[in-house]
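An overview of the molecular structure
In case you want the letters, here they are:
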Amino acid sequence: MPRINSATELEELRKGILSKRDPNKPCIAICAGTGCLALGNDRVISAFEEEVKKQTLEAKVDIRATGCHGFCEKGPNIIIYPEEICYIEVTPEDVPEIVSQTVLGKEVIDRLIYTDPNTGEKAAHQSEIPFYKNQMRHLIGNNSKIDPKSIDEYLALGGYSALSKSLFEMSPEQVLEEIKKANLRGRGGGGFPAGLKWETARNAPGEEKYVIVNGHEGEPGAFMDRALFTGNPHSVLEGLIIGAYAIGSHQGFIYTRHDSPQLRNNIAVALTQAEEYGLLGENILGSGFNFNVEVHLDIGIFVSGESSALMRSIEGKNPEPRPKYIRTSVSGIWEKPSNLNNVETWANVPQIINRGSEWYTSIGTERSKGTKLISLSGNIVNTGVVEVPFGTTLREIVYDIGGGIPNGKKLKAVHFGGPMGGSIPESLLDTPLDFDELAKLGAPIGAGGMFVLDEDTNMVDVTRFFLNFLTNESCGKCVPCREGIRQMLKIVTNISEGKGREGDIELLEEISEVAGAASLCALGKTASDPLLSTLRYFRDEYEANIKEKKCRA
Amino acid sequence: MSEILLQIDGREVEARKGMTILEAAQSAGIFIPTLCHHEKLEAYGACRICTVEVEARGRKNLVAACVYPVEQNLVVRTRSEKIDRIRKMILELLLAHAPDAFALQDLAKEYGADKDRFEKEASFCIHCGLCVRYCAEVKKKNAVGFVDRGTRREISFIPEIASKECWNCKECFPLCPTEALQAAFVLTKALFSP
Ligand SMILES: Cc1cc2nc3c(=O)[nH]c(=O)nc-3n(C[C@H](O)[C@H](O)[C@H](O)COP(=O)(O)O)c2cc1C
Ligand code: SF4
Ligand code: FES
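Residues numbered from 1 in each chain as written. Chains lettered and ligands numbered in written order. Predicted model: local features only at pLDDT ≥ 70, side-chain atom pairs only at ≥ 80, totals over all residues. Heavy atoms only, no water.

This paragraph deals with the overall build of chain A. Tallying secondary structure elements over chain A gives 21 helices and 15 strands in all. The C-alpha atoms of chain A give a radius of gyration of 24 Å, which matches the 24 Å a tight globule of 553 residues would have. Along the first, second and third principal axes, the C-alpha set of chain A runs to 75 × 60 × 40 Å. Across the 553 residues in chain A, those meeting the buried criterion constitute 60%. Nonlocal contacts in chain A, meaning residues at least 24 apart in sequence, comprise 72% of its contacts between residues at least 6 apart. When the accessible surface of chain A is split by element, carbon and sulfur atoms take 49% of a total near 20,200 Å². (Helix = DSSP H or I, 4+ residues; strand = E, 2+ residues; numbered from the N terminus. Rg over C-alpha atoms; globule rule 2.2 N^0.38 Å. Buried < 20%, exposed > 50% of the residue type's maximum accessible area, 1.4 Å probe, protein only. Contact = heavy atoms within 4.5 Å. Areas by Shrake-Rupley, 256 points an atom, 1.4 Å probe, with all protein chains shown as cover.)

Here's what the structure looks like:
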C-alpha cells in the first residue's frame, strides 16, 4: 500500500478506487455478523464463492462478507446490489438459484423475500421492508456496503475525508467547537456532552493525554456497539483520530471485548491498514500530527466498562473503580488526562465534521441530537440492531420497526439500560426516545439495549434477573453495593417465590436509598434502578406476591 | 504550603492542599467513623461508613471523607439524619457477616444499628482490605489478596508466598477490625487444607 502524504493524495487515491469500480456490477453482500454466523452464514458465504467459481463469474460478480445488517431476526441475510434486493433466511441450497435468477437474470425470487406477517404484503427491496424503512441508518447503514477488512471500501464511501478536513481545514479548536455545537452526547450510558468532556481533557494540564474507545459493551441485551465496530471499524477509528487532534492527544486506546475474535481481528486489520496508508502513526497525511493506537482486551466483568475501572484495567491492574472526585478527563490512565467515549459516540464524529453541526442538530429532539443505535430484543417480532433519530416514539420502535409482540400477546413494558436502567409501562409508550425524557421516567436509555416485555412477564422476576446479574458483575469492593445487592436480591427472590413478608418493600426502599447515595461508583449507585422503576409502575405486583404468597403475573 | 479554609460542622478548619476531609477533621479533633481507613495505607474508600455531606458551589453531595480532597470554602456536615441512616444500614449489612466484631459494636450502639436485621451469613470478614493492602503497600509481599468478585469476593492467602513470609510476620493480624483470629484462620486454611 502506498503511503498517503497529503489531502490531495487522499482524494486521488479515492478517485482511483472509485474509477476501478462499476456501480452496476452486481455485488452480493452477505451478512457475517454474529447473529447470522450463528445461523450458518459462513456456509452461505462458501456456497456463493463456489457457485461464482463454478459459473466462472469471478470477474463479473463481487461477493462481500459484511458486518451485521441489523435484521438479525430473519438471518441469514443477504443483499444484492445494485438493486438492493434483500433475501432473508437464506440457506446454501438457495445459492445456485440466487446466482442464476437474481444476480444474472435480474429476477426476484419470491420465496426468499420478506413477507409482512400482518398484512401479507411482500417487500423485495431494503427501502420497502418496514424494519429498515422506518429507520434512519446513518451509522449502521454502511455495514452492508463495505467489507470491514477493506479500507478501500471505506474510502470509496468517503471515508477519512472528515479526518482530512479536520487536519487541513480546521484548527483543533474549530473541531472542538463543531462537536460542542452539534451537542453530541455520550452514547455509553450517561449522555454527557462529548464536547465538554473533550474540552476538559484539552485544557487539563500536562503534555501527555489519552483518548480511549469504550468497546466493552457489557450491558446484557446490548449488541449494537459490537455490530457497528465489527462491521465498520474505520468509522470509529476516524472519529477517534479526529478527537485526538482536537484534544491534543497522541496516544489512543481501544478497550474491547476479549470474547469476540471477529471484532478483535477486524480492529487489528483496520489499524494495520490505516497505518500503512499513513492515516495513523507519525505525520498523519503529511499534516505533522502524530497519533498511535493500542488495543486492550477487556476483563469479562460488567464493571470493567466503568470509566475508572476501565482505565485501571488498561494500566494492567484489577478493574476496580476509583473514587472519582477528580475527573478522569483530568486524571485518568497513569494520572494523565484521559478522554473516554463509547464506540457509537466516536462513530458520530466523522459525519458531524463532514456535514456540519447545523445538519446534525436538525435531527433529533431539543436536547438529544442525531440518531441512536438500539439493540431490540425480548418479546418482539423483529429482534435486531435498529437506528432511529432521537424523538422517535417507543411505540414506533416496537410496532413499526419491531413488528409488535409475537403470538398475539399484549405489551406490558419496555426495559432500557439493562441492570442500571428501568422499565416503563405500556401506557407511556408514546414517549419519545430522548436522554432526559426517559431518565425522568426512571428508565434511562443506558447504552441502548431495549428489552420488550409481554403481558406474561412478572416484573418482580425482571428485577430479580438484573440484581442476580450484578451480584457476579460488580467488583465487590464497597459495602453499600456488594452487601446492598446481596440483601436486595434475597428479598426480591423471596417475594418472587411467594415467601415475601410485610415490610419487605419498605426495606428494599431503605437499602436502595443507601446503595444509591453511598456506593463508590455508578454501578452501585444505580443498581437499584430496575427495582425502583418496577416499584414505581408495578408496585401492585410486589404487593400481590407478598399478600397472596404467590406469583401473580 | 497553601492553606485551605473549610468549614466542618460549623467550625472553621485549616487544612493543607492534598489533605482529605477525614485528615482535616482529625486534625481539628472532629470524629468521623472509619473502618477501612489506615494512616499508613493509601486511601481506599470501600466501607463508606465515613460518608459525609459536602456543599461546594451551591451543590450538596454525599462523599467518602477518607478520599475526598479538601477545597477552599467547602462546607462539610459529618452528621445528619440521612448520614446516620446510611451509617446504620452499612453497619447492619456488615453485622450480618461479623456480628461480634468489636469495631462494629460501639458504632452500632451510636447509630442504633440492629445486628439481627439481616439473616446471619457469618464469614467474619467485612472486606475492609486492611490486611491485603498492608501486605501489599507496607510489606510489599502480596501474600494475601482478594479473589473473585461481586458478592463472592473474599480474602485469600497465596500459599506459595504465605508459607515463606507469614509465620514470621503476622503484622496484619492486629489490623483486622473483626477479630485478629480471622486472618489466622484464613491463613491456616490456605496452608494446610489441600
Ligand atoms: C458499571 C458500568 C458499566 C459501564 N459499561 C460501559 C460499557 O460497556 N460501554 C460504555 O461505552 N460505557 C460503559 N459505561 C459508561 C462509562 O463509564 C463511560 O461513562 C462512557 O464510556 C463514556 O462514554 P460516552 O460519554 O461516550 O458515553 C459503564 C458505566 C458503569 C458505571
Ligand atoms: S459500587 Fe459496586 S462496582 Fe462500584 S466500586 Fe462499589 S462494589 Fe465495586
Ligand atoms: S473509611 Fe472511608 S470508605 Fe472506609
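Next, the rest of the story.
Turning to the packing of helix 10 (residues 224-231) of chain A against helix 14 (residues 343-361) of chain A, a few remarks are in order. All names here are of chain A. Running from N to C, helix 10 and helix 14 point in directions that differ by 45 degrees, and their axes come no closer than 9 Å. Looking at the two axes, helix 10 sits oblique to helix 14. For the pair helix 10 and helix 14, the sense of crossing is left-handed. Contacts between helix 10 and helix 14 involve Asp 225, Leu 228 and Phe 229 from the former and Val 343, Glu 344 and Ala 347 from the latter. Class assignment of the residues belonging to the contact of helix 10 with helix 14 gives a composition of four nonpolar, no polar and two charged. (Axes fitted to C-alpha atoms, helices over the stretch in contact; angles between N-to-C directions. Parallel < 35°, antiparallel > 145°, perpendicular 65-115°, else oblique. Left-handed = near helix turned anticlockwise from the far one by under 90°. Nonpolar A, V, L, I, M, F, W, Y, C, P; charged D, E, K, R; others polar.)

This part covers the domain arrangement of chain B. Residues and elements named next belong to chain B. Each domain of chain B was delimited in the assignment, giving domain 1 (3-78), domain 2 (80-122) and domain 3 (130-192). Taking only C-alpha atoms, the centre of domain 1 and the centre of domain 3 are 29 Å apart. For the pair domain 1 and domain 3, the summed buried area comes to about 750 Å², and 59% of that belongs to carbon and sulfur atoms. In terms of surface lost to domain 3, no three residues of domain 1 exceed His 38, Leu 41 and Tyr 44, which account for 59% of the buried area on that side. The interface formed by domain 1 and domain 3 includes zero salt bridges. In this structure, the connection of domain 1 to domain 3 is made through four residue pairs in polar contact (both at pLDDT 80 or more). Residues that form the side of domain 1 that touches domain 3 fall into these classes: four nonpolar, two polar and two charged. (Domains from an automatic or database assignment. Buried area = accessible area lost by both parts, 1.4 Å probe. Salt bridge = Lys/Arg side-chain N within 4 Å of Asp/Glu carboxyl O. Polar contact = N/O pair within 3.5 Å; in protein donor to acceptor, adjacent residues only side chain to side chain.)

This part covers the pairing of strand 7 (residues 154-157) of chain B. All names here are of chain B. Burial along strand 7 is one-sided: Ile 155 and Phe 157 are buried, and none of Glu 154 and Ser 156, which face the opposite way, are. The pairing of strand 6 (residues 144-147) with strand 7 spans four bridges and is classified as antiparallel. Paired with Val 144 across the strands is Phe 157, a residue of strand 7. Connecting the antiparallel pair strand 6 and strand 7 is a turn made up of six residues, with Asp 148 showing a positive phi of about 65 degrees. (Pairing = 2+ DSSP bridges.)

Two residues of an α-helix separated by three or four positions point the same way, owing to the 3.6 residues in each turn. Residue and element names in this part refer to chain A. For helix 4 (residues 95-104), the set of buried residues is Val 95, Ile 98, Val 99, Thr 102 and Val 103. Projected down its long axis, helix 4 carries its buried residues within an arc of 120 degrees, all on one side. Each element contacted by the buried residues of helix 4 is listed here: strand 1 (27-31), helix 3 (41-54), strand 3 (78-81) and strand 4 (85-87). Of the residues flanking the end of helix 4, it is Lys 106, one or two places downstream, whose phi is positive at about 60 degrees. (Arc of directions from axis to C-beta.)

So, about the domain arrangement of chain A. Residue and element names in this part refer to chain A. When cut into domains, chain A gives domain 1 (22-144), domain 2 (159-360), domain 3 (371-454) and domain 4 (460-547). Each of domain 2 and domain 4 was reduced to a C-alpha centroid, and the two centroids are 34 Å apart. On the domain 4 side, the residues contacting the twelve residues of domain 2 number ten residues. Summed over both sides, the interface of domain 2 with domain 4 buries roughly 880 Å², with 75% coming from carbon and sulfur. Contact with domain 4 buries surface across domain 2, with Pro 220, Phe 302 and Pro 321 losing the most and accounting together for 48% of the total.

Attention now moves to the sheet that holds strand 4 of chain A. Residue and element names in this part refer to chain A. Taken in spatial order, the four strands of this open sheet run 2-1-3-4, and their pairing is mixed. Edge strands, defined here as strands with exactly one partner in the open sheet, are strand 2 (62-66) and strand 4. On average, each strand axis in the sheet is inclined to that of its neighbour by 20 degrees, with strand direction left out of account. Where strand 1 meets strand 2, five bridges bridge the pair, whose relative direction is parallel. Paired with Ile 28 across the strands is Ile 63, a residue of strand 2. Together, strand 1, strand 2 and strand 3 form the strand contacts of helix 3, whose direction differs from that of strand 1 by roughly 160 degrees. Helix 4 contacts strand 1, strand 3 and strand 4 of the sheet and is inclined by roughly 40 degrees relative to strand 3.

Here we come to the interface of chain B and chain A. Each partner contributes residues to the interface: chain B has 33 residues there, and chain A has 30 residues. A buried area of about 2,900 Å², summed over both sides, lies between chain B and chain A, and 55% of it is on carbon and sulfur atoms. Taken together, the connections running from chain B to chain A amount to eight salt bridges. Taking the shortest distance from any N to any O, the salt bridge between Glu 473 of chain A and Arg 149 of chain B comes out at 3.4 Å. The interface formed by chain B and chain A contains 21 residue pairs in polar contact (both at pLDDT 80 or more).

Attention shifts here to the site of ligand 2. If you check the shell around ligand 2, you find 13 residues, and the closest are Cys 475, Lys 477, Cys 478, Cys 481 and Cys 521 of chain A. Residues that form the shell around ligand 2 fall into these classes: eight nonpolar, four polar and one charged. (Near = heavy atom within 4 Å.)

All right, on to the packing of helix 19 (residues 504-518) of chain A against helix 2 (residues 81-95) of chain B then. Here helix 19 of chain A crosses helix 2 of chain B at 105 degrees, and the two axes come no closer than 10 Å. The angle between the axes of helix 19 of chain A and helix 2 of chain B places the two elements in the roughly perpendicular class. Touching Leu 507, Glu 510, Ile 511, Glu 513, Val 514, Ala 517 and Ala 518 of chain A of helix 19 of chain A are Lys 82, Arg 85, Ile 86, Lys 88, Met 89 and Ile 90 of chain B, all from helix 2 of chain B. Of the residues belonging to the contact of helix 19 of chain A with helix 2 of chain B, the class tally is eight nonpolar, no polar and five charged.

Residues and elements named next belong to chain B. Spatially, five strands are ordered 2-1-5-3-4 in an open sheet, and the strand pairing comes out mixed. The sheet is open, and its two edges are formed by strand 2 (11-16) and strand 4 (59-64), each paired on a single side. Shown here is a sheet whose adjacent strand axes are inclined to one another by a mean of 35 degrees, direction ignored. In terms of strand pairing, strand 1 (residues 3-8) meets strand 2 through six bridges, oriented antiparallel. If you follow Leu 6 over to strand 2, its bridge partner there is Val 13. Helix 2 contacts strand 3 (51-56), strand 4 and strand 5 (75-77) of the sheet and is inclined by roughly 150 degrees relative to strand 3.

Here we take up the state of the cysteines. Residue and element names in this part refer to chain B. Across all of its chains, the model carries zero disulfides over all chains by this definition. Counting only cysteine sulfurs, Cys 166 is the nearest neighbor of Cys 135, a cysteine outside any disulfide, at a range of 6.1 Å. We classify Cys 135 as buried; its relative accessible area is 9%. (Disulfide = S-S within 2.5 Å.)

Time to look at helix 21 (residues 529-547) of chain A. All names here are of chain A. Under the 1.5 Å per step criterion, the end-to-end length of helix 21 is only 24 Å for 19 residues, more than 12% shorter than the ideal 27 Å. Of all the bends found along helix 21, the most pronounced is centred on Phe 538 and spans about 95 degrees. Considered for burial, the residues of helix 21 that qualify are Pro 530, Leu 531, Ser 533, Thr 534, Leu 535, Phe 538, Glu 541, Tyr 542, Ala 544, Asn 545 and Ile 546. Note on helix 21: the residue one or two positions beyond its end, Lys 549, has a positive phi of about 55 degrees. (Expected span 1.5 Å × (residues − 1). Bend = angle between axes of the 7 residues up to and from the residue.)

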